[in-house]
Amino acid sequence: MINFTYNVPTRIYFGKEQIKNLEKEIKNYKSILLAYGAGSIKKCGLYQKVVDILKANNISFCELSGIKPNPRLTSVKQGIELCRKNKVDFILAVGAGSTIDCAKAVAFGYYYEGDVWDFFKGKSQIKNALLLGTILTLAATGSEMNGNTVVSNEELQEKLSVGSDLLRPVFSILDPVYTMTLPKEQTAAGVADIMAHVYEQYFSSVGDAYLQNRLAEAILKTCIEFGPVAINEPDNYEARANIMWAGSLALNGLLTYGKTGDWAVHGIEHEISAIYDLTHGTGLAIIYPNWMDYVLNEKTVDKFSEYAKNVFGINGSDKFQIAKEGIKKTRDFFNLLGLPSTLSQVKIGIENINKMAEKAIINNGGEIGKYVKLGAKDVLSVLQACL
Ligand code: NZQ
Ligand code: ZN
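Right, let's walk through the structure included here. Residue positions within a chain follow its written sequence, with the count starting from 1. The order in which chains are written sets their letters, starting at A; the order in which ligands are written sets their numbers, starting at 1. Only residues with pLDDT of at least 70 are given local features in this predicted model, and only at 80 or more are side-chain atom pairs given and counted; all residues enter the totals for whole chains, interfaces and linings. Just so you know, side-chain values use all the structure's heavy atoms and leave hydrogens and water out.

### Here we look at the site of ligand 1
Every one of the 31 residues lining ligand 1 counts as a neighbour, but Ser40, Gly97, Ser98, Lys159 and His197 are closest to it. One of the side-chain nitrogen or oxygen atoms of Asn70 is found 3.3 Å away from an oxygen atom of ligand 1. Two N or O atoms form a polar contact when they lie within 3.5 Å of each other; inside protein one atom must be a possible hydrogen donor and the other a possible acceptor, and for residues adjacent in sequence the pair counts only when both atoms belong to side chains. Asn148 is positioned with one of its backbone polar atoms (N or O) 3.1 Å from a nitrogen atom of ligand 1. Contact with the protein chains removes 89% of the 960 Å² of surface that ligand 1 exposes when unbound. Numbering of helices and strands runs from the N terminus; a helix is a DSSP stretch of H or I covering at least four residues, while a strand is a stretch of E covering at least two. Counting only elements with at least two residues in the shell around ligand 1, the list comes to helix H5 (97-109), strand E6 (148-153), helix H7 (184-202) and helix H10 (264-276). For this classification, Asp, Glu, Lys and Arg are treated as charged, while Ala, Val, Leu, Ile, Met, Phe, Trp, Tyr, Cys and Pro are nonpolar and the rest, including Gly, are polar. When grouped by side-chain class, the residues that make up the shell around ligand 1 number 11 nonpolar, 17 polar and three charged. Distances are taken per atom, and a residue is near a molecule or strand as soon as one of its heavy atoms is within 4 Å of it. Shrake-Rupley sampling with a 1.4 Å probe provides the accessible areas, and residues are treated as covered by the protein chains on show and by no other component.

### Description of the nonpolar core
Membership of the largest hydrophobic core comes to 106 residues, with the highest contact counts inside it found for Ile91, Phe108 and Trp291. It is H7 that contributes the most residues to this core, nine residues altogether. Pairs of residues are marked as contacts when any of their non-hydrogen atoms sit within 4.5 Å. If we skip the residues at most four places from it in the chain, Ile91 touches Leu33, Cys83, Ala103, Val106, Ala107, Leu130, Leu131, Leu132 and Gly133. We call a set of buried Ala, Val, Leu, Ile, Met, Phe, Trp, Tyr and Cys residues a nonpolar core when their side-chain atoms join them within 4.5 Å. Note on exposure labels: buried denotes an accessible area under 20% of the residue type's maximum, exposed denotes more than 50%, and partly exposed covers the range between, all computed with a 1.4 Å probe on protein chains only. Among the nonpolar cores identified, the runner-up in size contains 23 residues, and Leu34, Tyr36, Leu92 and Val94 belong to it.

### Considerations on the pattern of salt bridges
Basic side-chain nitrogens of Lys or Arg form a salt bridge, by our definition, when they fall within 4 Å of a carboxyl oxygen of Asp or Glu. This structure, assessed with the given rule, holds 12 salt bridges. For Asp277, the salt bridge goes to Arg72, with nearest N and O atoms at 3.0 Å. Remark: Arg72 occurs in the loop between strand E3 (60-64) and helix H4 (73-85) and Asp277 occurs in the loop between H10 and helix H11 (280-295); sequence separation between them is 205 residues. Accessibility expressed as a relative area gives 17% for Arg72, which makes it buried. With its nearest N and O atoms 3.2 Å apart, the salt bridge here joins Lys303 to Glu306. On the criterion of helical spacing, the pair formed by Lys303 and Glu306 is a turn pair, its members being three residues apart in helix H12 (residues 301-312). Relative accessible area serves as the criterion here: at 25%, Glu306 is assigned to the partly exposed category. Residues participating in the shared-partner salt-bridge network are Arg214, Glu217, Lys303 and Glu306.

### What to know about the packing of helix H8 (residues 210-232) against helix H9 (residues 237-250)
Throughout, an axis means a line fitted to C-alpha atoms (over the contacting stretch in the case of helices), and angles, computed between N-to-C directions, take values from 0 to 180 degrees. Orientation of H8 relative to H9, taken along the N-to-C sense of each, is 145 degrees, at an axis distance of 9 Å. Crossing of H8 against H9: the hand is left-handed. Packed against H8, whose contacting residues are Ile219, Thr222, Phe226, Gly227, Val229 and Ala230, the element H9 presents Glu238, Ala239, Arg240, Asn242, Ile243, Ala246, Leu249 and Ala250 at the interface. In this scheme the crossing of two helices becomes right-handed for a clockwise turn of the near helix relative to the far one and left-handed for an anticlockwise turn of less than a right angle.

### Considering the sheet that holds strand E1 (residues 11-14)
Judged by pairing direction, the sheet is parallel, and its six strands sit side by side in the order E1-E8-E5-E4-E2-E3 without closing on themselves. Two strands lie at the open edges of the sheet, namely E1 and E3, each paired on one side alone. Within the sheet, the average angular offset between the axes of one strand and its neighbour, ignoring direction, is 15 degrees. Across the sheet, H5 is in contact with strand E2 (31-35), E3, strand E4 (90-95) and strand E5 (132-136); its angle to E4 comes to roughly 165 degrees. Seen against the sheet, H9 touches E1, E5 and strand E8 (171-174) and runs at an angle of roughly 170 degrees to E1. The pairing criterion for strands is at least two bridges between them, as found by DSSP.

### Overview of unusual backbone geometry
Even without glycine at this site, Asn70 takes up a positive phi of about 55 degrees. Mapping Asn70 onto the fold places it in the loop between E3 and H4.

### Details of H9
The terminal C-alpha atoms of H9, which comprises 14 residues, lie 20 Å apart, in line with the 20 Å expected from a rise of 1.5 Å per residue. Counting buried residues along H9, 10 of its 14 residues qualify, which places the element largely inside the surrounding structure. Among all positions in H9, only Ala239, Arg240, Ala241, Ile243, Met244, Ala246, Gly247, Ser248, Leu249 and Ala250 are buried. Against E1, E5, E8, H7 and H8 lie the buried residues of H9. A helix is expected to reach a length of 1.5 Å times the quantity of its residues less one.

Okay, structure coming up:
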């Protein structure tokens, strides 16, 4: 296990009716930016509840609405202007990962005179950010408890991420009931995203860190146990609650402490959704089993057979056979959730795969993946297998 500093400062209010804690968290702010997406929070009544609490506490607020999945740089810029105009001192993001990520980019862009995209290109470092809190409505990204943001620059067809502990939300309200209105596809994509976050940290060049590996397997098993239940019974509280907490724990830092991650598959997926606006978790479900097939070799087989044994209970004497069976089970599980296995199923063809492979490498500093390092040719092979 390598050295680490534990820092997960977000206050989590988890469970039914935890919105009752919103008042005490926000009442000392004078001007709030309320950020949300296309309207799911209005349909389920959450918007009205939040607005009632803001009004009851005489807090002035302005709204950044219509934040799209794969949040756009234009929304970030719009949010920065709103914050400056209204002298905002706190941002409240109500919704899923895209809304929260957009809010985070607004939070640091607010203090910057130049183009906020500079941060994503590594031309500027985050030194200051507005405080923010979240009310989560989709279990997936872990953004409610981490310091990362991923934004799409529609003009350049680029989707890039940046992170800082300054972006970790002050508080997040996690009421699993809010996730019961999700369409099946979003629930499924969310579960795939959670599992992908675990994989990115489980498959690590730091071979030990036994505890982190067992925690990772527990989160994967939770997704496998409750993912199908949440899809078949959207109102099942236990399923929603387990998935929601799994999503936060999968990417708040816990699984990476003492290790390094891989993150090649996320880098490749971001290139696909940058061009095709694909749902992030859907892209991951397509790529992951193909990446696993591609990187399985003498060096990695022990880790993949450990995964197959501990997560899917596969036994046998041939470790390659066990590893392959684990990869097959991974693909089968995503299919069981209703997720596709190929890019053609989501109407993506061969036309941009060279470009995506090259950009995945450029955007990640020359090679991608820390567990298994991939060059442009390797990424191309993985993408070809996804077609
Ligand atoms: O816009 P609304 O109307 O709210 O609808 C949303 C949106 O259409 C809908 N939705 C959310 N909660 C709902 C609901 N519909 C009904 N009932 C509810 N309770 O779901 C759709 C998808 O929303 P989105 O925010 O895009 O989903 P997600 O949370 O999966 O976020 C994906 C984005 O996060 C990035 C992804 O790349 C992608 O851009 N990621 C962020 C990370 C982070 N900050 O740490 C890490 C991840 O790996 C990921 O890259
Ligand atoms: Zn992800």
